[in-house]
Amino acid sequence: MPDRYVPTPKDKFTFGLWTVGNTGRDPFGLPTRPSLSPAQIVDLLGEVGGVCAVNFHDNDLIPIDATEAEASQIKSDFTKALKRTKLRVAMATTNLFSDPAFRDGAFTSNDAEVRAYALQKTMRAMDLGAEFGAQVYVFWGGREGIETDGAKDPVEAEGRFRQAIDFLCAYSIDRGYDYKFALEAKPNEPRAHIFFPTTGHYLAFISTLKHGEMVGVNPEVAHEHMAGLNFSHAVAQALGAGKLFHIDLNDQEFGRFDQDFRFGSANPKAAFFLVKLLEDAKYQGFKHFDAHAYRTSDRADVIEFARGCMRTYLILKEKARKWSEDATIKALLKQINRAGKDLDALSAKYSRAHAETLLAMRFDRNALAERPLPYERLDQRTMEILMGV
Ligand code: GCO
Ligand code: MN
Ligand code: MN
């Protein structure tokens, strides 16, 4: 039987240079894998197979202190690797967190010169992304936060962040770039408290922007799980607002440090409902695996890691179809979702007549409370489908 879980570029799966290029360095230990050049990482992704595109931070591609000659050599090697592997660039972003200049944030820094430098660095990184055809521009404010609340006035910090995004939207428009901005929330790590800790915070923030129409969100599984939240609910809200511009797929044990695990490896049931949500909603954007292989992995295992992310997505996609077509599930859903056309028509739109009708209705609370809700059966059947029974 042919393998049904082989990805193709049409699946729009992407990886960042920093994901498969991760060297295994952590706060306690040195790298366990050699550092690869951008071109070598693209070649590795070519070997993985079926990947659509690659993403980068400005300094993943061009080191912060590279000379012009070095930069143009790197770009030319990178371009050749993209050609060789038939990969493209989907998303670009700015590294506003590694350099010590940004130790207290970038757009929300208390230092006007740091804020100006952050804008300059982002505009240059936007130019770089556009040069390679990136369509999405991600903003992850890793250092935009505090350890002690006395350090920053949070109202002022929010205002500074808004001003920066307004400025950069205008820059994108002025340069004729077709970027969609995607704001990525995270509650902590590396700061004790990062501003805009959840996707919901950013969704509310977007409505206050001058060019809110070009700004959406980039939710990440691990980040909502770090906050103890249901990721699918965050994604659903973004979908409902028409703001799911990008997504970072990975996995994360609840209550742990930022783990960036292979997609679906820690919470397969949550991953299943997420894939089902994205597929049901016909999400058309890029699906970026912002994850990295275990520190113990060698190159061959990194390739397995990347294949595993995509394979798990495709397996869960098939499971989602099975779930929707399953006779038991269908019957249960029918039982649970009690239709009421006339009632729905009443509440669909306010009119005084509708209000009067609702006010005059008599509800049998006891009967309502007695209607069966066999969610145990539903969940058990879900688990059996997932476990392949
Ligand atoms: C993290 C973040 C980053 C961002 C990346 C792109 O936890 O470190 O997820 O990987 O996604 O900087 O903006
Ligand atoms: Mn992350
Ligand atoms: Mn991310």
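Here is what the cut-offs are and how they apply
Residues numbered from 1 in each chain as written. Chains lettered and ligands numbered in written order. Predicted model: local features only at pLDDT ≥ 70, side-chain atom pairs only at ≥ 80, totals over all residues. Heavy atoms only, no water. Donors = N, O, S within 2.8 Å, 3.2 Å for Na, K, Ca; no water. Tetrahedral: all angles 85-135°; square planar, octahedral: opposite > 155°, others 65-115°. Helix = DSSP H or I, 4+ residues; strand = E, 2+ residues; numbered from the N terminus. Buried < 20%, exposed > 50% of the residue type's maximum accessible area, 1.4 Å probe, protein only. Pairing = 2+ DSSP bridges. Right-handed = clockwise from strand over helix to strand, strands pointing away. Core = buried A, V, L, I, M, F, W, Y, C linked by side-chain atoms within 4.5 Å. Contact = heavy atoms within 4.5 Å. Axes fitted to C-alpha atoms, helices over the stretch in contact; angles between N-to-C directions. Parallel < 35°, antiparallel > 145°, perpendicular 65-115°, else oblique. Left-handed = near helix turned anticlockwise from the far one by under 90°. Nonpolar A, V, L, I, M, F, W, Y, C, P; charged D, E, K, R; others polar. Salt bridge = Lys/Arg side-chain N within 4 Å of Asp/Glu carboxyl O. Domains from an automatic or database assignment. Buried area = accessible area lost by both parts, 1.4 Å probe. Polar contact = N/O pair within 3.5 Å; in protein donor to acceptor, adjacent residues only side chain to side chain.

Asker: In this structure, what is going on with the coordination of the manganese ion (ligand 3)? I would like to understand it.
Answerer: Taken together, the protein donors to the manganese ion (ligand 3) comprise Glu184 (OE), Glu220 (OE), Asp248 (OD) and Asp290 (OD), at separations of 2.0 to 2.2 Å. Coordination geometry of the manganese ion (ligand 3): the six donor atoms subtend angles of 83 to 178° at the metal centre, consistent with an arrangement described as octahedral. In the primary structure, the donors to the manganese ion (ligand 3) are separated according to the pattern E-x35-E-x27-D-x41-D. The metal-metal distance between the manganese ion (ligand 3) and the manganese ion (ligand 2) is 3.7 Å, with Glu220 serving as a donor to both. On the criterion of sequence distance, the pair formed by Glu220 in the loop between strand E8 (215-217) and helix H8 (221-226) and Asp248 in strand E9 (residues 247-249) is long-range, its members being 28 residues apart. Here Glu220 falls in the buried class, since its relative accessible area comes to 1%. You can call Asp248 buried: its relative accessible area is 1%.

Asker: Looking at this model, I keep getting lost on the pairing of strand E3 (residues 88-93). Mind explaining?
Answerer: Successive side chains on a regular strand alternate, one facing one side of the sheet and the next facing the other. Of all six residues making up E3, five are buried, and the element is well covered by its neighbours. As paired strands, strand E2 (residues 53-57) and E3 are joined by four bridges and run parallel to one another. The residue bridging Ala53 from the neighbouring strand is Arg88, located in E3. Between E3 and its parallel partner strand E4 (residues 136-140), the chain crosses via helix H5 (residues 112-131), and the hand of that crossover is right-handed.

Asker: Got a minute to help me understand unusual backbone geometry in this structure?
Answerer: As a rule of thumb, non-glycine residues mostly have phi less than zero, and peptide bonds are mostly trans rather than cis. Residue Pro190 is reached from Glu189 by a cis peptide bond, and omega for that bond is 10°. With a phi close to 60°, Lys12 is a non-glycine residue in the positive phi region. Considering the arrangement of structural elements, one finds Lys12 in the segment before strand E1 (13-16). Residue classification places Lys12 among the partly exposed positions, given a relative accessible area of 25%. In this structure, Lys86 is a non-glycine residue whose phi angle is positive, near 55°. Taking the relative accessible area as the measure of exposure, Lys86 reaches 72% and is therefore exposed.

Asker: Would you mind going over the nonpolar core with me for this structure?
Answerer: In summary, soluble globular proteins display a tendency toward joint burial of nonpolar side chains. If you look at the biggest cluster of nonpolar residues, it comprises 94 residues, and the most contacted ones within it are Phe15, Phe78, Ile165, Phe181 and Phe263. If you tally residues by element for this core, the top one is helix H11 (residues 299-325), at 11 residues. Residues in contact with Phe263, not counting those within four places in the same chain, are Leu249, Asn250, Ala271, Leu274, Val275, Phe289, Cys309, Thr312, Tyr313 and Leu316. With nine residues, the next largest nonpolar core counts Ala53, Val136, Val138 and Phe286 among its residues.

Asker: Explain the packing of helix H2 (residues 38-48) against H11 here, please?
Answerer: For any two helices packed against each other, one specifies the crossing angle of their axes together with the interaxial distance. Close contact between H2 and H11 brings their axes to 9 Å; oriented N to C, the two are set at 60°. Here H2 lies oblique to H11, going by the angle between them. Between H2 and H11 lies a crossing whose hand is right-handed. Along its contact with H2, which presents Leu44, Glu47 and Val48, the element H11 presents Arg299, Val302, Ile303, Ala306, Arg307 and Met310. Classifying every residue of the contact of H2 with H11 by side-chain character gives six nonpolar, no polar and three charged.

Asker: Would you take a moment to explain the pattern of salt bridges for this structure?
Answerer: Two side chains bearing opposite charge may form a pair once their charged atoms approach each other closely. This structure, assessed with the given rule, holds 21 salt bridges. Across the pair Lys317 and Glu279 runs a salt bridge whose closest N-O atoms are separated by 3.9 Å. Residue Lys317 is located in helix H11, and its partner Glu279 is located in helix H10 (residues 268-280); the two are separated by 38 residues in the primary sequence. The exposure class assigned to Lys317 is partly exposed, which follows from its relative accessible area of 35%. We classify Glu279 as partly exposed; its relative accessible area is 24%. One salt-bridge network, held together by shared partners, links Asp104, Glu147, Lys152 and Arg191.

Asker: Would you explain the coordination of the manganese ion (ligand 2) in this entry?
Answerer: Reference geometry at the metal: tetrahedral coordination by four donors gives ideal angles of 109.5 degrees; octahedral coordination by six donors gives 90 or 180 degrees. Listed as protein donors to the manganese ion (ligand 2) are Glu220 (OE) and His223 (NE2); their distances from the metal cover 2.1 to 2.2 Å. Since its relative accessible area comes to 3%, His223 is described here as buried.

Asker: Hey, could you run me through the domain arrangement of the protein in this one?
Answerer: Often the size quoted for an interface is simply the accessible area lost on bringing the parts together. Partitioning the protein into domains gives domain 1 (9-323) and domain 2 (327-386). Once you take the C-alpha centre of each, domain 1 and domain 2 turn out to be 39 Å apart. Across the domain 1/domain 2 interface, buried area totals approximately 680 Å², and carbon plus sulfur atoms make up 73% of it. Contact with domain 2 buries surface across domain 1, with Lys269, Lys319 and Trp323 losing the most and accounting together for 80% of the total. For the interface between domain 1 and domain 2, the tally reads one salt bridge. Salt-bridge contacts for Asp379 lead to Lys269; the nearest nitrogen and oxygen are separated by 2.9 Å. Linking domain 1 with domain 2 are three residue pairs in polar contact (both at pLDDT 80 or more), by the criterion used here. Every element with two or more residues in the side of domain 1 that touches domain 2 is listed here: H10 and H11.

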